[in-house]
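Given next are the chains, with one letter for each unit.
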Amino acid sequence: MLNIASFSTLTLSLLLTQHATTSTIPTRSQPTEYPINNFRAKFGSTPAPFVVDVDPTFIAATHLKASLTRYTSDIDQPEWIDGPPKHNISTIRDFWVEKYDWFAVQQTINRELSQFTTTVYADANYTSPIPLHFVHHRSPRADAIPLLFIHGWPGSFLEVGKIIKNLTNPTNSTLPAFHVIAPSLPGFGFSPAPSKPGLGLREVGQALNNLMTKQLNYPKYVIQGGDFGGFTLRYMAGDFPDTVVSVLSNFFIVPPNATDSDRFAAGTTTPEENFHIKALIEFETGYAGYRNIQQTRPLQLAVAMTDSPVGFAAWIYDFMYLHVDAYPWTPEEIITWAMMYYIQGPYGGFSMYKELAKVGAWLNQGFRFVSQPLGVSTFPKDGYKTPTSWLQRHANLSFESDNSRGGHFAAYEVPNLLVNDIRKFWGNNSLSNIDKVRG
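Rules and cut-offs
Residues numbered from 1 in each chain as written. Predicted model: local features only at pLDDT ≥ 70, side-chain atom pairs only at ≥ 80, totals over all residues. Heavy atoms only, no water. Helix = DSSP H or I, 4+ residues; strand = E, 2+ residues; numbered from the N terminus. Buried < 20%, exposed > 50% of the residue type's maximum accessible area, 1.4 Å probe, protein only. Contact = heavy atoms within 4.5 Å. Areas by Shrake-Rupley, 256 points an atom, 1.4 Å probe, with all protein chains shown as cover. Lys, Arg positive; Asp, Glu negative; His and termini not counted. Charge placed at Lys NZ, Arg CZ, Asp CG, Glu CD. Phe/Tyr/Trp six-rings, centres within 6.5 Å; stacked < 30°, edge-to-face > 60°. Axes fitted to C-alpha atoms, helices over the stretch in contact; angles between N-to-C directions. Parallel < 35°, antiparallel > 145°, perpendicular 65-115°, else oblique. Left-handed = near helix turned anticlockwise from the far one by under 90°. Pairing = 2+ DSSP bridges. Right-handed = clockwise from strand over helix to strand, strands pointing away. Patch = residues over 30% accessible without salt bridge, like charges linked within 9 Å, V, L, I, M, F, W, Y side chains within 5 Å. Salt bridge = Lys/Arg side-chain N within 4 Å of Asp/Glu carboxyl O. Polar contact = N/O pair within 3.5 Å; in protein donor to acceptor, adjacent residues only side chain to side chain. Arc of directions from axis to C-beta.

(A) Seen up close, the overall build of the protein chain. Check the secondary structure of the protein chain and you find 19 helices and 9 strands. Expressed as lengths along the three principal axes of its C-alpha atoms, the size of the protein chain is roughly 70 × 55 × 45 Å. Within the protein chain, buried positions represent 54% of all 439 residues. Within the protein chain, contacts between residues separated by at least 24 positions form 77% of all contacts whose residues are at least 6 apart in sequence. For the protein chain, the accessible surface area stands at approximately 19,400 Å², while carbon and sulfur atoms represent 54% of it. Across the protein chain, 33 positive and 36 negative side-chain charges occur, with their mean positions spaced 6 Å apart.

Set out below in structure tokens:
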């Protein structure tokens, strides 16, 4: 009787062998074995240096799968109404097959970012060990401020790459300097996904506080984040007022409460409130489909996305395209961002949405009042602008910056604007209480 598993393995081996003889992708020496998540890493009890080392066989299989992409058919309607058009996806596929070199990208990441791994723990509900990958660059300045940078979806630790040098090594001594720590959230990048449910962003925040205070020896620090980072810094500021000195968010999103909704229906809300409420309605009715499936049936989606590299790239590119201010994404950037999920599989990243839905985060539930100074940086193509009076309901708002351009990925898209806001906020003690970090 034919053994289907053996046949499938043999078929893939033959295909990869044939593919390697015609592929232009550079070959690499073949290590003996890689873990199931396709990259080598050791997660000990204390931070240890890490370099990205992804299984060459997996890379070859991914290249083969990209070459076999099956396209959808466009219909007669304006582009981007239903998702990314066919010609965008074929461009990504063609670049992946003909030009993309993961090993060159891997080398660049390892050269430009000092990375580490460790194991951390949450404080309460989630008791399993949490293997964590993170970037850590220390400034040479004696007065440098420890800054925890937290990414979101569909980004990764790579977002810190465009701002880290300006933060650790500013051009003159009048500007604040920072020690920068940028973790990969569990299930993202090179932090393995949890093997059981229950690891939400509050629990991640507990683990990150333990990383900062117990493993990296920063008794007090500040946080900057957007998207999931914006949620996490709210949890952390509320839960750890003695260690988190102040926070700067570029995603402090607050939905209308019942009174706000009644006033909106009666036509008595302010223009600022009207803009925000209409933006949230437009997102919920026209753009939130990805979130709704990821927070309800993440595995159903992951089965397909784990097997289709171009399909997954298209899935996140839809969001990446729609939430930037005309940023010219290159095929290499799109593919590399996709690889930060595809290497270990996107199920863990999808599942974080379900963890947030369980605790009502999208409805603004479960957050404590942020008593520390809060700074908020807003970028127009992020699609919303929480009214000042609504921010003040939930935090000690001390700084607002309404930037004229930029979108959801501020650190990557408009790094100089975000760095300017970071310097304004943490360069002024009256805004940020930063002297508490310096003792």
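(B) Fine view of the packing of aromatic side chains. Evaluation of the coordinates by the stated rule reveals 37 aromatic pairs. Ring geometry for Phe 188 versus Phe 228: centroids 6.1 Å apart, planes at 85 degrees, classification edge-to-face. In this pair, Phe 188 is assigned in the loop between strand E5 (178-183) and helix H6 (201-215) and Phe 228 in helix H7 (residues 228-239), connecting sequence segments 40 residues apart. The exposure classification of Phe 188 matches that of Phe 228, with both residues buried.

(C) Summary view of the packing of helix H11 (residues 298-305) against helix H14 (residues 347-358). Where H11 contacts H14, the two axes come as close as 9 Å, and the packing angle between them is 160 degrees. Looking at the two axes, H11 sits roughly antiparallel to H14. Note on packing geometry: the crossing formed by H11 with H14 is right-handed. The residues of H14 that touch H11, namely those facing Pro 298, Leu 299, Leu 301, Ala 302 and Met 305, are Tyr 347, Phe 350, Ser 351 and Lys 354.

(D) Quick peek at the pairing of strand E8 (residues 370-378). Where burial is concerned, most of E8 is hidden: 8 out of the 9 residues are buried. In this sheet, E8 lies alongside strand E7 (residues 244-249) in parallel orientation, the contact comprising 3 bridges. If you follow Val 247 over to E8, its bridge partner there is Leu 374. In the sheet, E8 pairs with strand E9 (residues 395-402) via 7 bridges, with the strands oriented parallel. Bridge pairing in E9 places Val 370 opposite Ala 395. In the classification by handedness, the crossover that spans E8, the intervening helix H15 (residues 388-394) and the parallel E9 is right-handed.

(E) Seen up close, the sheet that holds strand E3 (residues 130-137). In space, the 9 strands of this open sheet follow the order E1-E2-E3-E5-E4-E6-E7-E8-E9, with mixed pairing throughout. Taken across any chain shown, the strands that pair with only one partner, and hence form the sheet edges, are strand E1 (48-50) and E9. With direction set aside, neighbouring strand axes in the sheet form an average angle of 30 degrees. For strand E2 (residues 115-120) and E3, the ladder comprises 6 bridges, and the chain directions are antiparallel. Along E3, the bridge assignment pairs Thr 119 with Pro 131. Relative to E7, helix H17 (residues 415-426) is tilted by about 145 degrees, and along the sheet it contacts strand E4 (145-150), E5, strand E6 (221-225), E7, E8 and E9.

(F) View of a nonpolar patch on the surface. On the surface, Leu 299, Val 303 and Tyr 347 cluster together to form a nonpolar patch covering roughly 280 Å² of accessible area. The topology assignment puts Val 303 in helix H11. Among the residues examined, Val 303 registers a relative accessible area of 56% and is labelled exposed.

(G) Region of interest: unusual backbone geometry. Cis geometry is adopted by the peptide bond preceding Pro 154, which originates at Trp 153 and carries an omega value of -10 degrees. Within the secondary structure, Pro 154 is located in the loop between E4 and helix H5 (164-168). With a phi close to 55 degrees, Asp 227 is a non-glycine residue in the positive phi region. Secondary-structure assignment places Asp 227 in the loop between E6 and H7.

(H) Structural view of the side chain of Ser 401. Secondary-structure assignment places Ser 401 in strand E9. Here Ser 401 falls in the buried class, since its relative accessible area comes to 12%. At 2.8 Å, the side chain of Ser 401 forms a polar contact with the side chain of Asp 421. Among all residues touching Ser 401, those that are not within four sequence positions of it are Val 376, Ser 377, Thr 378 and Asp 421.

(I) The arrangement of helix H4 (residues 102-112) in detail. Among the residues of H4, Trp 102, Phe 103, Val 105, Gln 106 and Ile 109 are the ones counted as buried. Summarising the axial view, the buried residues of H4 lie within an arc of 155 degrees, below the 170-degree limit, and thus occupy one face. Across H4 from its buried face, at more than 90 degrees, point the exposed residues Gln 107 and Arg 111. Along its buried surface, H4 packs onto helix H2 (56-67), E2 and helix H13 (331-342). The residue sitting at the N-terminus of H4 and contributing the capping side-chain oxygen is Asp 101; that oxygen lies 3.1 Å from the backbone nitrogen of Phe 103.

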